[in-house]
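Per-entry structural report
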Amino acid sequence: EIYTLSLHDALPISSWEQTYNKERQFSNDVSHELRTPISVILSESEYSLKYAKNLEDATESLEVIKRQALRMSTMIKSVLELSRMENMNTIKKEHIDISKMLISLSKDYGHSCANNSIQLICNIDDNIIIDTNSVLFERLVDNLMSNAVKFTKDKIELSLLKKNDTAQLSVKDNGPGIDKSQYENIWNRFYQVDESRNKEQNTGIGLGLSFVDKIAKIHGWKLDISENTHGGCTFTVTMETCTAAN
């Protein structure tokens, strides 16, 4: 049986070009990011086979290989998850009291911040209810907080405030900040800001803020980033509120 595709069913050439360019860029980005861990794994394997004379030498090489393999595994899982998220047309939502949710999450964030000698200041209004997917909302907050922990100097401010018919979630750090010229790029896959903002413990793969961007777009939320007066930056998510929870 032969099927024909009419011109009306075909995508405009510009749409095909955009799709092709996005896929090509995506492939290039993934290839670039995987190149380093693969090179390390190969070189460590060769070194161990050639020069490891005892168990201690071999163990050190195996530890390096394991770290790089785990990094590759995390990256691949994140890339696949991000790809699925980009193809989402609908998500299951329900009325969620994000005030209660954020208060609960902040306890875990408090422990993480304390372990990194960071002061966490929380300002959370009560009874803020939004229509969302709880897993995706938690993922968004986790990524914003993880980003702040990596780059702040010694303090993070987490706030959730009611503004008329909207709620504003913001995460503020006092790190080196981000140059305004990079504001548009930080949401892109694998994008890393300049070295002055990175710390030695920053072993991320540059996908956290991409998840934040995609989750916000799926919900129709507004994302903003602003420079703080005394250093650092603030990420803000503006969401429509609901009147009552289910």
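We now turn to the structure provided with this report.

With that settled, consider the pattern of salt bridges. Scanning all chains against the criterion turns up 2 salt bridges. Close ionic contact of Lys 217 with Asp 213 constitutes a salt bridge, the shortest N to O distance being 3.3 Å. Here Lys 217 pairs with Asp 213, and both are found in helix α5 (residues 208-219), just 4 residues apart, close to one helical turn. Put simply, Lys 222 and Asp 224 hold a salt bridge, and the shortest N to O gap is 3.9 Å.

This part takes up the nonpolar core. Judged by nonpolar contacts, the single largest core of 38 residues is most densely connected at Phe 137, Leu 140, Leu 144, Leu 160, Leu 169, Trp 221 and Met 239. Elements with a contribution of two residues or more to this core: α3 (98-115), α4 (134-151), β4 (155-163), β5 (166-173), α5, β6 (222-227) and β7 (233-240). Looking at which element gives the most residues to this core, the answer is α4, with 8 residues. If we ignore the near neighbours within four places in the chain, the residues touching Met 239 are Ile 98, Ile 130, Phe 137, Leu 160, Asp 165, Thr 166, Ala 167, Leu 169 and Trp 221.

This paragraph deals with α4. Count 3.6 residues to each turn of an α-helix, and residues three or four apart come out pointing the same way. Between its first and last C-alpha atoms α4 spans 26 Å; for 18 residues at 1.5 Å apiece the expected length is 26 Å, and the two agree. For α4, every residue scored as buried is listed here: Leu 136, Phe 137, Leu 140, Val 141, Asn 143, Leu 144, Met 145, Asn 147, Ala 148, Val 149 and Phe 151. Where α4 starts, the residue carrying a side-chain oxygen 3.0 Å from the main-chain nitrogen of Val 135 turns out to be Asn 133.

We now examine the sheet that holds β7. Strands sit in the order β2-β4-β5-β7-β6 across an open sheet of 5 strands; the sheet is mixed. The two strands at the open ends of the sheet, each matched to only one other strand, are β2 (119-124) and β6. Here the strands of the sheet are splayed against their neighbours by 15° on average, with no regard to which way each runs. Along the sheet face, α3 touches β2, β4, β5 and β7 and points at about 175° away from the line of β2. Strand contacts of α4: β2, β4, β5 and β7, with the helix running at about 25° to β5, the strand carrying the most contacts.

What counts, and at which threshold
Residues numbered from 1 in each chain as written. Predicted model: local features only at pLDDT ≥ 70, side-chain atom pairs only at ≥ 80, totals over all residues. Heavy atoms only, no water. Salt bridge = Lys/Arg side-chain N within 4 Å of Asp/Glu carboxyl O. Helix = DSSP H or I, 4+ residues; strand = E, 2+ residues; numbered from the N terminus. Core = buried A, V, L, I, M, F, W, Y, C linked by side-chain atoms within 4.5 Å. Buried < 20%, exposed > 50% of the residue type's maximum accessible area, 1.4 Å probe, protein only. Contact = heavy atoms within 4.5 Å. Expected span 1.5 Å × (residues − 1). Polar contact = N/O pair within 3.5 Å; in protein donor to acceptor, adjacent residues only side chain to side chain. Pairing = 2+ DSSP bridges. Axes fitted to C-alpha atoms, helices over the stretch in contact; angles between N-to-C directions.

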